[in-house]
2 protein chains.
Amino acid sequence: MDPAVWLAVIIAQLSGYFTGAYGGGNYTYEIKTIDVPVDHFSFTSDATFKLRYLINDTFAQGTGPDSPILFYAGNEGDIELFAQNTGFMWELAPKFRATLLFAEHRYYGHSLPFGNQSYESPKNLGYLTSEQALADYALLLRTLNSGNGTSRARPVIAFGGSYGGMLAAWFRIKYPHLVAGAIAASAPVRQFQDVTPCGIFNQILTSVYHTAYTPECTANIRHSWAVLQNYSTSADGLRVLNEKFHFCTNLTKATDVTDTFFDYLTDVYGNLAMINYPYESDFLAPVPAHPVREFCGRLAQNYTGAELLDHLESALTIYSNFDGKAKCLNINSSYDGSGIGDLGWDFQACTEMIMPMCSDGVHDMFPPKAWNLQEYSDKCFKKYGVRPRPHNALVNYGGEFLESSITNIVFSNGLLDPWSGGGVLRSTNAKIKIVLIPEGAHHIDLRASNPNDPETVTRARATHTQSIREWIDEYRKQKKVY
Amino acid sequence: MDPAVWLAVIIAQLSGYFTGAYGGGNYTYEIKTIDVPVDHFSFTSDATFKLRYLINDTFAQGTGPDSPILFYAGNEGDIELFAQNTGFMWELAPKFRATLLFAEHRYYGHSLPFGNQSYESPKNLGYLTSEQALADYALLLRTLNSGNGTSRARPVIAFGGSYGGMLAAWFRIKYPHLVAGAIAASAPVRQFQDVTPCGIFNQILTSVYHTAYTPECTANIRHSWAVLQNYSTSADGLRVLNEKFHFCTNLTKATDVTDTFFDYLTDVYGNLAMINYPYESDFLAPVPAHPVREFCGRLAQNYTGAELLDHLESALTIYSNFDGKAKCLNINSSYDGSGIGDLGWDFQACTEMIMPMCSDGVHDMFPPKAWNLQEYSDKCFKKYGVRPRPHNALVNYGGEFLESSITNIVFSNGLLDPWSGGGVLRSTNAKIKIVLIPEGAHHIDLRASNPNDPETVTRARATHTQSIREWIDEYRKQKKVY
C-alpha cells in the first residue's frame, strides 16, 4: 500500500470514519446527506428528500482551493458498493491531494425519495431518471464547492463505470461549469436504438466464452437451451432439473425454465464476462480470478443430455456459490445481495435506458430472439403504467460526441467487455479521448491496482492520470470574470 | 426589400402561408404543432400537449442537408410576436438558404399544456420552467432534423432576445449536439443572486433617461414619487389623480398609488428604455422613434406639484397611447395587448428567474427599495404555493462561461439597455464572443435593418453573420462516427 494511503487510513480510523459494508477495498469515509428536490424540473411541489453521499477529506487537508475533488457519479446500487470497488480513485487522492466524494443515485441504496413507498407506483417511481440524478449531483457540488468571493470553486473530476460512466460523461456535457473533466469507464452511451446494432452485445459475449478455455464451452451453452427446454416439457423433466440445480423455489411449469431460468442464465453469462478480472473479486458476486475461464473449464468437452446439465450446474456455481455460502440457487435475481438495485434498473430500462438487445443463435450462443420495441413497450406499460421514450437519451445527451464543445471526457473500454460494443470506440474530436484495453473486462481500470493487472490496464490508469492533470491545469488557467 | 426576400414573400403568399398577427415585419410562415410530453424529466404520466411552431421553408428549397436551420428559441409571449420582430433572421435566411423555425415557449401564446386550465394551480403551472422549454425545443429539432443514414442533421443556429437570448445560449450549452451556435441578444444570464449587484438595472435605466434630453427628466421623475404619494393620502388627492391620468379603474386608496401605479410607472420606464429604438416601432407597445427622448422632452424643465403631474401624464402617453387608440390608462399591465404573457413570466420570476432588483434613490431615480429575498419568497409562496429556487439557473447553466467546453455563443448587448448590466460583457474564453452596441437598446440587433440604425448596430449584425458562417463551416467539417 502507498504510504500516503496507509497513513490516511490510519488517520481516518482514528477520526471515526466508517468502513464500507461491501466487498472490494476497505476504504473509509464519512456518510452524510443533503436535502434535494424530488423534482428539479418542475414547481408542482416543494418536496425534498435526503440524498446520501460519502466523503473523505483526509488527503486534501490544508490544501484549500487548489486541491481537486474526485467525484463518483453513483449508479444503480448502494453507493458504498461503488466506493469500495473504485480503488483507482483512492489511489489518485493522495497524488492530487484531493477530496473523495461519492454521491448515491436517487432510488438506490438509502436515497429513497418516498422512503419504503418509493417503488410503489409510477407517481412515486417516475422521478427515477438520469436527468434528475445529474441535477442532484449538480446541487451537491454547487453546495459543497461554490467558491467564494474572488476564488473559483475547486476543480472537480467526475468518475463512473458502466451506467455511472454514462452519468460521468453526461455530467461533463450538461454541467461543464461544475466538472472539469470525466473518466467514463465502460460507458455504453451509444447502446441505443438506431445507433448500435442490437446483436453486438451477445456477439462480443459469445466470443469471450469461445476463447476463454476451449471452443466446446460455447457449443455446450448453445446446445443447453434445447436440452433445458426439452426437460421443461414434462413433470419428470422438471423434477430432474429441480434435483440437479437445487433451485430455492422449485420449477413447476415450462415457462419457469424458458423464461425465468433462461433469463437468469443469460444474466449470469453477461455478469461473468463483466467481472472477468484476472484476480479473485467480489463486485456483482464473489468469484475466482478469470471466472469465465473457470466457468468454461467445466464445460471443456462436448457434453449432451443429463451430462451437459451436470457440467452446466457445476460451472454455474463459479458465479452462484464461489464462497460456498449459498444453500440453494436463487434464479429470481443474478444480483442478489450485491448491493445492485435491479428493481430500479428494471424501471430505468423501461423508461429512458432502452438498450435494444437481440440474438440469432448463429453469431452468438443464445436462442434466437429479435428486438421488438412494440412488445417491449407493451411489457413495460403492463408493469409500470408508462411507456418507454426510446430516443430520450439521444435527444438529451447526443450520441456522437463530435461537437467541438464536448471536451475533456475519456471513454475507456475493455474489449473483453460485452458493453464495449455500445461504447465510444472512435473519436474525431481531439478533446474526447479513447482508451482501449484489449484484455480488460467491465471498468477494470477503475478498480484498485492489482499485481495481476495486464499491462494495458496499468497503462490505461496512467493515461487517465495524465488526462486529469491536464484538465486541472486547464481549469486553473481560467480566470473568474466579474 | 432584398429581391430574394421579396420573391419568397410572393411564393409564400401563393402557397397560402399565414401572415403574422402582431406588429413588426410582415413575414409569412406555416403554423404547425408537435406533441411533446408535459414533463420531459419524469415518468409519472404519459401526458402530452401540442407545442406550436412557425416554419418557413421557402428559402431552403432544393438545398437539402447543406442548408442550415435558423431557430428562434421562443420566450415569454406569443411566438408570432417574436417572428415578426426578429427581422434579422428573415434577412439571413436567403443569404444562407436556410429554413426559418420559430418555436413557441410552453404556457405562452397557444402552447398551453392544460388548455385554459394551464394557469389554474401549481399542479398545472409547475411545468413552466426553462429546462422543460429547452427539452421541447430539443425534441422538436430532433424530430424535424434527425439526419438519416450516413447524413448528419442540418446545422442549426439558435437565436433569441432577452429571456429568449438566455434560452438560445443555454440551448447551445445544454444541447451542443443539436445546435451549432447561438446568437444571444440582450440575454441577462448573469442577472442572478450573488453574481450581479441588484442596483445595476436601475442605475443604467436612470442614466439613459438622464442623458436622453435634459437632466431635468430624471430630477422630475425622482421628485414625482413624493408628489404622487402626497396626493394618495387624501380623497381629494386621489380624485385629482383620477382626473388627471384617466385610469381605466379609478384609484380609491393610497396603495393603489404607491403599489399599483408605482409598479406600472417603474415597468413603463424600463420598457421605454428597452424599446428605445431610433425609429417608430411596435414591440411591447406602439411608440415613436427615440421614445425615451420623446418622453423626456415632455419633462424637460423642473416642474413641481400639479404641473409635474400634468407633464408626467403627457409623457406617459408616449408609451400608453401613441397610436391614440387607448380610451383610458390601464395600469394593471404594461404589456396589455402586446402578445407578451406577463402572467406566465410572473410565475417564472417567482420560481427560477429570480433576478434581484433594488434602488436607493441616489444612484437611481426610484424610491429606495432593498432586495429582500425572504419577503420576495413569502410573496411568491402566497401567490403560487411554491417557493423560489434562487440559485437554480446558476446551478443548471453556470454563470461565468469560462469553460473551454462552452463555445460558439455570441452575447450581444446594447449599452443603453438596462438589462445589459446582467449580461455577459467580458470573456476570457476565445469561443464566447462579446458584441457591445454602445447606442443599442434591447436586442435591437435582432430586428430588421432600418435606415436609422446606428452604424454599431449594422456592424453587430455583420459580426453575427460572420460568426454564423464560421459555426456552420466548423459543423460541416465534423464527420459522423459509426
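Residues numbered from 1 in each chain as written. Chains lettered and ligands numbered in written order. Predicted model: local features only at pLDDT ≥ 70, side-chain atom pairs only at ≥ 80, totals over all residues. Heavy atoms only, no water.

On to the overall build of chain A. What chain A contains, in helices and strands, is 16 helices and 11 strands. Its C-alpha atoms give chain A a radius of gyration of 23 Å, within 12% of the compact-globule value 23 Å for 482 residues. Out of the 482 residues belonging to chain A, those deemed buried represent 59%. A sequence separation of at least 24 residues applies to 70% of the contacts in chain A between residues at least 6 apart. Just so you have it, chain A exposes about 18200 Å², and 52% of that area is on carbon and sulfur atoms. Put simply, chain A has 38 plus and 48 minus side-chain charges, and the middle of one group is 7 Å from the middle of the other. (Helix = DSSP H or I, 4+ residues; strand = E, 2+ residues; numbered from the N terminus. Rg over C-alpha atoms; globule rule 2.2 N^0.38 Å. Buried < 20%, exposed > 50% of the residue type's maximum accessible area, 1.4 Å probe, protein only. Contact = heavy atoms within 4.5 Å. Areas by Shrake-Rupley, 256 points an atom, 1.4 Å probe, with all protein chains shown as cover. Lys, Arg positive; Asp, Glu negative; His and termini not counted. Charge placed at Lys NZ, Arg CZ, Asp CG, Glu CD.)

What follows covers the nonpolar core. Counting 297 residues, the largest nonpolar core has Phe71(A), Tyr209(A), Phe295(A), Phe71(B), Tyr209(B) and Phe295(B) as its most contacted members. When sequence neighbours within four positions are dropped, the list of residues in contact with Phe295(A) reads Tyr209(A), Cys217(A), Ile221(A), Tyr269(A), Leu272(A), Leu312(A), Ala315(A), Leu316(A) and Ile318(A). (Core = buried A, V, L, I, M, F, W, Y, C linked by side-chain atoms within 4.5 Å.)

Glancing now at the pattern of salt bridges. Side chains that differ in charge, positive against negative, can pair when their charged atoms come close. Per the stated rule, a full pass over the model turns up 30 salt bridges over all chains. The residue Glu80(A) makes a salt bridge to Arg52(A) at a minimum N-O spacing of 3.5 Å. With Glu80(A) in helix α2 (residues 79-84) and Arg52(A) in strand β3 (residues 48-56), this pair connects stretches of sequence that are 28 residues apart. With a shortest N-O distance of 2.9 Å, Lys244(B) and Asp310(B) are connected by a salt bridge. Of the two residues, Lys244(B) is situated in helix α9 (residues 235-245) and Asp310(B) in helix α12 (residues 305-320); the sequence distance between them amounts to 66 residues. (Salt bridge = Lys/Arg side-chain N within 4 Å of Asp/Glu carboxyl O.)

Bringing helix α14 (residues 373-384) of chain A into the picture now. Residue and element names in this part refer to chain A. Relative to the 16 Å expected for 12 residues at 1.5 Å per residue, α14 spans 16 Å between its end C-alpha atoms, a close match to the ideal helical length. All buried positions along α14 are accounted for by Ser-377, Cys-380 and Tyr-384. All buried residues of α14 fall inside an arc of 65° around its axis, so they share one side. Set apart from the buried face of α14 by more than 90 degrees, the exposed residues are Gln-374, Glu-375, Lys-379 and Lys-382. Against the buried residues of α14 lie α4 (122-125) and α13 (342-349). (Expected span 1.5 Å × (residues − 1). Arc of directions from axis to C-beta.)

This next bit is on the relation of the copies chain A and chain B. Between the two copies, chain A and chain B, the superposition gives an RMSD of 0.0 Å; the rotation angle is 180° and the shift along the axis is 0.0 Å. The transformation relating the two chain copies, once decomposed into turn and shift, fits a two-fold axis. Among all C-alpha atoms of chain A, that of Ser405(A) lies closest to the rotation axis, at 2.2 Å. A high fraction, 100%, of the interface residues of chain A reappear at the interface in chain B, so the copies pair face to face through one surface. (Least-squares fit on C-alpha atoms with pLDDT ≥ 70 in both.)

All names here are of chain B. Following both chains from N to C, one finds α9 and α12 inclined at 35°, their axes separated by 10 Å at the closest point. Between α9 and α12 lies a crossing of right-handed hand. Mapping the contact onto sequence places Leu-241, Lys-244 and Phe-245 in α9 and Ala-306, Leu-309, Asp-310, Leu-312, Glu-313 and Leu-316 in α12. The class makeup of the residues in the contact of α9 with α12 is six nonpolar, no polar and three charged. (Axes fitted to C-alpha atoms, helices over the stretch in contact; angles between N-to-C directions. Left-handed = near helix turned anticlockwise from the far one by under 90°. Nonpolar A, V, L, I, M, F, W, Y, C, P; charged D, E, K, R; others polar.)

Moving on to the packing of aromatic side chains. Residues and elements named next belong to chain B. Applying the stated criterion across every chain, the model contains 59 aromatic pairs over all chains. Residues Phe-347 and Tyr-384 carry aromatic rings whose centres are separated by 5.1 Å and whose planes lie at 85° to one another, so their mutual orientation is edge-to-face. Highlighted residues: Phe-347 in helix α13 (residues 342-349) and Tyr-384 in helix α14 (residues 373-384), separated in sequence by 37 residues. For Tyr-384, a relative accessible area of 14% translates into the label buried. (Phe/Tyr/Trp six-rings, centres within 6.5 Å; stacked < 30°, edge-to-face > 60°.)

In this assembly, 58 residues from chain A lie in contact with 59 residues from chain B. Of the roughly 5100 Å² buried between chain A and chain B, counting both surfaces, carbon and sulfur atoms make up 53%. Put simply, chain A and chain B have zero salt bridges between them. Across the contact surface, chain A and chain B share 19 residue pairs in polar contact (both at pLDDT 80 or more). The set of elements that each furnish at least two residues to the side of chain A that touches chain B consists of α4, α5 (130-144), α6 (163-174) and α15 (392-397) of chain A. (Buried area = accessible area lost by both parts, 1.4 Å probe. Polar contact = N/O pair within 3.5 Å; in protein donor to acceptor, adjacent residues only side chain to side chain.)

What follows concerns the domain arrangement of chain A. Residues and elements named next belong to chain A. The domain architecture assigned to chain A consists of domain 1 (30-193 + 395-481) and domain 2 (199-353 + 355-384). Here the C-alpha centre of domain 2 lies 30 Å away from the C-alpha centre of domain 1. Counting residues at the interface gives 41 residues for domain 1 and 32 residues for domain 2. The tally of links between domain 1 and domain 2 comes to zero salt bridges. Taken together, the links from domain 1 to domain 2 amount to 12 residue pairs in polar contact (both at pLDDT 80 or more). For the side of domain 1 that touches domain 2, the elements supplying multiple residues, two or more each, are α2, α4, α5 and α6. Looking at the side of domain 1 that touches domain 2 residue by residue, the class counts come to 20 nonpolar, 15 polar and six charged. (Domains from an automatic or database assignment.)

All names here are of chain A. Tracing the backbone shows Asp-453 in the loop between β11 (432-437) and α16 (455-477). Taking the relative accessible area as the measure of exposure, Asp-453 reaches 11% and is therefore buried. Each residue touching Asp-453, except ones within four places of it in the same chain, is listed here: Pro-278, Tyr-279, Ile-444, Ala-448, Thr-458 and Arg-461.

Turning our eyes to something else, we now look at the state of the cysteines. Residues and elements named next belong to chain A. According to the stated counting rule, one finds eight disulfides over all chains in the structure shown. With its sulfur 2.1 Å from that of its partner, Cys-198 forms a disulfide with Cys-358. Linking Cys-198 and Cys-358, the disulfide has an S-S dihedral of approximately 85° and is accordingly described as right-handed. You can see Cys-198 sitting in the loop between β7 (181-185) and α7 (200-210) and its partner Cys-358 sitting in the loop between α13 and α14, a full 160 residues away along the chain. Residue Cys-358 is classed as buried on the basis of its relative accessible area, which comes to 15%. One disulfide bridge connects Cys-350 with Cys-380, the sulfur atoms lying 2.0 Å from each other. Because the torsion about its S-S bond is -80°, the bridge between Cys-350 and Cys-380 counts as left-handed. Of this pair, Cys-350 sits in the loop between α13 and α14 while Cys-380 sits in helix α14; the two residues are 30 residues apart in sequence, bridging distant segments of the chain. Taking relative accessible area as the criterion, Cys-380 reaches 2% and is therefore assigned buried. Disulfide partners in chain A, listed by the sequence order of the bonded cysteines, are 1-7, 2-4, 3-5, 6-8. (Disulfide = S-S within 2.5 Å.)

On to unusual backbone geometry, then. Note: most peptide bonds trans; most residues except glycine with negative phi. Residues and elements named next belong to chain B. The residue Tyr-107 is not glycine, and still its phi comes out positive at about 75°. Within the fold, Tyr-107 resides in the loop between β5 (99-103) and α4 (122-125). Owing to a relative accessible area of 1%, Tyr-107 belongs among the buried residues under this scheme. Even without being glycine, His-290 reaches a positive phi, approximately 45°. Within the secondary structure, His-290 sits in the loop between β9 (286-287) and α11 (291-297).

Attention now moves to the packing of helix α10 (residues 254-274) of chain B against α12(B). Residues and elements named next belong to chain B. Their axes nearest at 10 Å, the elements α10 and α12 cross at an angle of 60°. In this view, α10 runs oblique relative to α12, as classed from their interaxial angle. Pair α10 / α12 crosses with left-handed handedness. Contacts between α10 and α12 involve Phe-261, Tyr-264, Leu-265, Val-268, Tyr-269, Asn-271 and Leu-272 on the former and, on the latter, Leu-312, Leu-316, Ile-318, Tyr-319 and Ser-320. For the contact of α10 with α12, the class distribution of residues is 10 nonpolar, two polar and no charged. (Parallel < 35°, antiparallel > 145°, perpendicular 65-115°, else oblique.)

All names here are of chain A. Inspection of the secondary structure puts Leu-140 in helix α5. In this structure the C-alpha to C-alpha distance between Leu-140 and Val-36, which are 104 residues apart in sequence, comes to 8.3 Å. Not counting the four nearest positions on each side in its chain, Leu-140 is found in contact with Ile-34, Tyr-53, Phe-71, Leu-101 and Ala-103.

Residue and element names in this part refer to chain A. Along β3, seven of the nine residues are buried, which leaves the element largely enclosed by surrounding structure. Sheet analysis places strand β2 (residues 28-37) next to β3, joined by eight bridges and oriented antiparallel. Among the inter-strand pairings, Lys-32 is bridged to a residue of β3, identified as Tyr-53. Looking at chain direction, β3 and strand β5 (residues 99-103) are connected through four bridges and run antiparallel. In the sheet register, Ile-55 faces β5, and the bridge partner there is Leu-101. (Pairing = 2+ DSSP bridges.)

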